[in-house]
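# Close look at the chain arrangement
If you want the building blocks of each chain, they are given just below.
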Amino acid sequence: MTHKNFKNIDKVTYGRGSFSQLAQTVEPIRSLNKGYFVYIVDNYFKGKTLENNLQNKSKDLVYFIDVDPHEPTTEQIDTLRDEILKLQGLPSGVIGIGGGSIMDIAKALSLMLTNEGSSTLYQGLNLIKKPGVYHLGVPTISGTGAEVSMTAVLTGPEKKLGLKCDWTVFNQVILDPELIASVPTDWWFYTGMDTYIHCIESHYGIKNNAFSLAYGNQALQLCREVYLNENSGQTTDNDDKLMVASLMGGLSLTYSEVGVCHALSYGLSKILGTRHCLANCIIFQHLQDIYPIGHAEFMQMINKHKIELPKNLSKQWDDETISKMALVSYNLPFMWHHAFGDNYKEIATIDYIKELFKRL
Ligand code: NAD
Ligand code: ZN
């Protein structure tokens, strides 16, 4: 057995108002390469107070990106990379300010600025050849764990798969809970549930261990405080906790693995474009037999916050669509292995996975 050997974020700043330390944090890096930073900012912040507090210098390039039309794509990263290199040459670093989509764009861009050719060549584990430029993440939604993970998920013409290697991990993150206050309630719920599901899936599988459980149990406890207990809801105290839960949930799955919900979620997102966190919630509500304890608690949280999730979707799907989704999920064997153990191939057949999709 080979034990995992994981790269963590180099540096973390945490606390209300910590975003104001961005400029001083990146100052020592400014002398590298052509001496400027590329800002990748969620378009949501255009015209908001944060736009006036970016702390950028005149040479910096600031891109506001609308992440709503689609999740990050290989083509989008390649085009952006080519444009930036043509405009000003290799930057000192990339600063990503936004949710999971922006985190992934910043991570992928950092790598593709120094690795030639299309990002489609590097979708997978350890395919990247050279370290990217310095990259710093400022999450503005909490839950995906993208701020701490060693992958940058991209949708390409063939695969929805991450650029995954040690160099993907951020050099620095700034966790300022003030930035997540404006997240709409439904997204606050879906993204927080991504963390919750990370912890449940990490726990209930053969790859769990004391390390992953320690992070997972603490993140689950924080999720319960944020979404279930009497003081649950979108409050400042809970935003402080959710930001930490997201990071710890990400670390829990890093040291273990995700499971059935995520395997299905990749199928749903790849074929129908459903966003990751919403897709997980749509699926998890039907996994009562696979994750009974997590499912029961999840349903309590749904009821508590009066969240309406789409149901009866599969009625509109033909067999070809379901087969395509099932194939994407089937091709994530490490998730099925973790969830079902060494004889997973006998359980997680294409037909079994199709039946799971028919529950949705
Ligand atoms: P997102 O980044 O897709 O953003 C969702 C919406 O929230 C957008 O409309 C955005 O404009 C808006 N938004 C962002 N910050 C806001 C704020 N503070 N106030 C109000 N609105 C705000 O959301 P997400 O769910 O965080 O990220 C999903 C993406 O993360 C997917 O592309 C998925 O593939 C990726 N992901 C990556 C990893 C990883 O480990 N790298 C893990 C899970 C998911
Ligand atoms: Zn997830």
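Every residue gets a number counted from 1 within its own chain, in the order that chain's sequence is written. Each chain takes a letter, starting from A, and each ligand takes a number, starting from 1, following the order in which they are written. Per-residue local features are limited, in this predicted model, to residues with pLDDT of at least 70; the limit for side-chain atom pairs, both in listing and counting, is 80 or more; totals at the level of whole chains, interfaces and linings are taken over all residues. Side-chain numbers here rest on the full set of heavy atoms in the structure, without hydrogens or water.

Distances are taken per atom, and a residue is near a molecule or strand as soon as one of its heavy atoms is within 4 Å of it. The environment of ligand 1 is made up of 29 residues, and the closest members are Asp42, Asp68, Gly100, Ser101 and Ser149. Under this definition, polar contacts are N or O atom pairs within 3.5 Å; protein pairs additionally need one hydrogen-donor-capable and one acceptor-capable atom, and for neighbouring residues in sequence, both atoms have to be side-chain atoms. Separating an oxygen atom of ligand 1 from a side-chain N or O atom of Glu71 is a distance of 3.5 Å. Within the contact set of ligand 1, a nitrogen atom lies 3.0 Å away from a backbone nitrogen or oxygen of Thr151. Among the elements of the structure, helix H3 (100-112), strand E7 (151-155), helix H4 (185-203) and helix H8 (276-284) are those that each provide at least two residues to the shell around ligand 1. In DSSP terms, a helix is any run of H or I states spanning at least four residues, a strand is any run of E spanning at least two, and both are numbered starting from the N terminus. Top contributing element to the shell around ligand 1 by residue count: H3, with 4 residues.

Turning our attention to the domain arrangement of the chain. As used throughout, domain bounds are those supplied by an automatic or database domain assignment. With domains assigned, the chain is organised as domain 1 (11-179) and domain 2 (185-358). Computed from C-alpha atoms alone, the centre-to-centre distance between domain 1 and domain 2 is 25 Å. Residues count as neighbours in contact if any of their non-hydrogen atoms are within 4.5 Å of one another. Between domain 1 and domain 2, the contact holds 25 residues from the first and 22 residues from the second. Summed over both sides, the interface of domain 1 with domain 2 buries roughly 2000 Å², with 59% coming from carbon and sulfur. When two parts are put together, the accessible area they lose, computed with a 1.4 Å probe and summed over both, is reported as buried area. For the domain 1 face of the interface with domain 2, the top three residues by lost area are Ser142, Val148 and Lys160, together amounting to 27%. Salt bridges are defined by distance alone: a side-chain nitrogen of Lys or Arg within 4 Å of a carboxyl oxygen of Asp or Glu. At the junction of domain 1 and domain 2, the tally comes to 1 salt bridge. There are 13 residue pairs in polar contact (both at pLDDT 80 or more) connecting domain 1 and domain 2.

Moving on to the coordination of the zinc ion (ligand 2). Surrounding the zinc ion (ligand 2) are the protein donor atoms Asp194 (OD), Asp194 (OD), His198 (NE2), His262 (NE2) and His276 (NE2), which sit 2.1 to 2.8 Å from the metal. The rule for donors is simple: an N, O or S atom within 2.8 Å of the metal counts, and for Na, K and Ca the reach is 3.2 Å. Water is not among the atoms, so a site may look short of donors. In terms of primary sequence, the donors binding the zinc ion (ligand 2) are separated according to D-x3-H-x63-H-x13-H. One end of the pair, His198, is in helix H4; the other, His262, is in helix H7 (residues 260-272), with 64 residues separating them in the sequence. In this structure, His198 and His262 share a single accessibility class: buried. Relative accessibility under 20% of the residue-type maximum defines a buried residue, over 50% an exposed one, and the middle range a partly exposed one, all with a 1.4 Å probe and only protein chains included.

Now for the sheet that holds strand E8 (residues 160-164). As summarised here, the arrangement of the 3 strands in space is E5-E8-E7, forming an open sheet in which the pairing is mixed. In the strand order of this sheet, the two ends are held by strand E5 (124-125) and E7, each with one partner. When DSSP finds two or more bridges between two strands, those strands count as paired.

The subject of this paragraph is the pattern of salt bridges. For the structure shown, the criterion picks out 15 salt bridges. Across the pair Lys57 and Glu27 runs a salt bridge, and its minimum N-O distance is 3.6 Å. With Lys57 in the loop between strand E2 (37-42) and strand E3 (61-65) and Glu27 in the loop between helix H1 (22-26) and E2, this residue pair connects regions lying 30 residues apart in the sequence. Salt-bridge contacts for Lys354 lead to Asp319; the nearest nitrogen and oxygen are separated by 3.1 Å. With a gap of 35 residues between them, Lys354 in helix H13 (residues 350-358) and Asp319 in helix H10 (residues 319-330) connect regions that are remote in the sequence. According to the relative accessible area criterion, Asp319 is partly exposed, its value standing at 46%. A single network of salt bridges, built from pairs that share partners, joins Glu27, Arg30, Lys57 and Asp60.

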